[in-house]
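Residues per chain, in single letters:
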Amino acid sequence: MNLPMNAMVSSKKMTLLLNIIGFQLCWIACVIGGNLWASICVSLFMLWHWWQLKTGELWLIITITLVGTLFDSLLLNLDLLTFPSYEGPLIPLWLILLWTAFSATLYHSMAWLLKKPLLAATLGAVAAPWSYYAGSLFDAVQLTSPALLLIASAWALLLGAVALFRRERESC
């Protein structure tokens with residue numbers, strides 16, 4: 001009788017592990033590989049993720065991708081971040097796809113974080129600027145100091161809001 005329960009727990013852990021590893025591979029493909037590798041890797045990740053979708057998650061993925069794209073595009077148009085060999089009013093495709101891949105972690109490998117809105121906001125404020133900074137070390141993006149402060153603030157608000165939204169939804 002325990003075997004099916006153990007298999008289910010093991011399967012759930014494997015799904016979380018694949019979500020974590022999949023996102024990290026997407027980050028590398030997007031930041032280092034650019035549009036081509038981002039398209040391939042994120043498409044494969046999202047194809048796999050399609051079978052893991054939870055109720056309301058598709059809406060969340062679309063919303064976070066749009067909000068992230070608009071925010072980073074605003075920073076781009078204010079010349080607070082730039083992308084080598086890229087000109088356009090919207091951020092490059094690889095960064096849009098990275099927003100999509102990130103949003104696919106929220107109800108899975110980052111679900112634990114969404115149970116703690118203050119911690120989610122704090123982690124967003126600290127980790128996000130480091131991620132952008134890491135991207136700059138690979139020459140994927142050029143940042144200004146004000147951009148890093150705005151990124152920290154925006155990510156704190158974003159993850160805090162998503163955590164509060166998730167808490168409110170679960171209490172209904």
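Each remark here, short or long, concerns the structure printed above.
Conventions and cut-offs
Residues numbered from 1 in each chain as written. Predicted model: local features only at pLDDT ≥ 70, side-chain atom pairs only at ≥ 80, totals over all residues. Heavy atoms only, no water. Helix = DSSP H or I, 4+ residues; strand = E, 2+ residues; numbered from the N terminus. Rg over C-alpha atoms; globule rule 2.2 N^0.38 Å. Buried < 20%, exposed > 50% of the residue type's maximum accessible area, 1.4 Å probe, protein only. Axes fitted to C-alpha atoms, helices over the stretch in contact; angles between N-to-C directions. Parallel < 35°, antiparallel > 145°, perpendicular 65-115°, else oblique. Left-handed = near helix turned anticlockwise from the far one by under 90°. Contact = heavy atoms within 4.5 Å. Nonpolar A, V, L, I, M, F, W, Y, C, P; charged D, E, K, R; others polar. Core = buried A, V, L, I, M, F, W, Y, C linked by side-chain atoms within 4.5 Å.

Enquirer: Could you give me a rundown of the overall build of the protein, with the residues and numbers involved?
Expert: Along the backbone of the protein there are 6 helices and 2 strands. Written out in order from the N terminus, the α and β elements of the protein read α-α-β-α-α-α-β-α. Here the protein has a C-alpha radius of gyration of 17 Å; the compact-globule value for 172 residues is 16 Å, and the two agree. Scored against the burial criterion, the 172 residues of the protein give a buried share of 42%.

Enquirer: Just give me the short version of the packing of helix 2 (residues 57-77) against helix 6 (residues 145-171), but keep the residues and values in it.
Expert: Remark: helix 2 packs on helix 6, axes separated minimally by 12 Å, with the N-to-C direction vectors making an angle of 165°. The orientation of helix 2 relative to helix 6 falls into the category roughly antiparallel. Here helix 2 and helix 6 pass one another in a crossing that is right-handed. Listed contacts from helix 6 to Trp59, Leu60, Ile64, Val67, Phe71 and Leu75 of helix 2 are Leu150, Ile151, Ala154, Leu158, Val162 and Phe165. Residues that form the contact of helix 2 with helix 6 fall into these classes: 12 nonpolar, no polar and no charged.

Enquirer: How would you sum up the nonpolar core? Please name residues and give values.
Expert: Membership of the largest hydrophobic core comes to 45 residues, with the highest contact counts inside it found for Trp94, Trp99, Phe102 and Leu106. Secondary structure elements with two or more residues in this core: helix 1 (2-50), helix 2, helix 3 (93-103), helix 4 (111-114), helix 5 (117-137) and helix 6. At 10 residues, the largest contribution of residues to this core is made by helix 1. Aside from chain neighbours lying at most four places away, what touches Leu106 is Leu60, Ile64, Ala111, Leu114, Leu159 and Val162.

Enquirer: Summarise helix 3; cite the residues concerned and give the values.
Expert: Among the 11 residues in helix 3, 9 count as buried, and that is most of the element. Here helix 3 has its buried residues at Trp94, Leu95, Leu97, Leu98, Trp99, Thr100, Ala101, Phe102 and Ser103.

Enquirer: Give a detailed account of the environment of Ser85, specifying residues and quantitative values.
Expert: Structurally, Ser85 is set in the loop between strand 1 (81-82) and helix 3. Taking the C-alpha atoms as reference points, Ser85 and Ile64, 21 residues apart in sequence, are found 26 Å from one another.

Enquirer: Before we move on, can you summarise the environment of Leu137 with the specific residues and values?
Expert: Mapped onto the elements of the fold, Leu137 is located in helix 5. Separated by 43 residues in the primary sequence, Leu137 and Trp94 place their C-alpha atoms 16 Å from one another.

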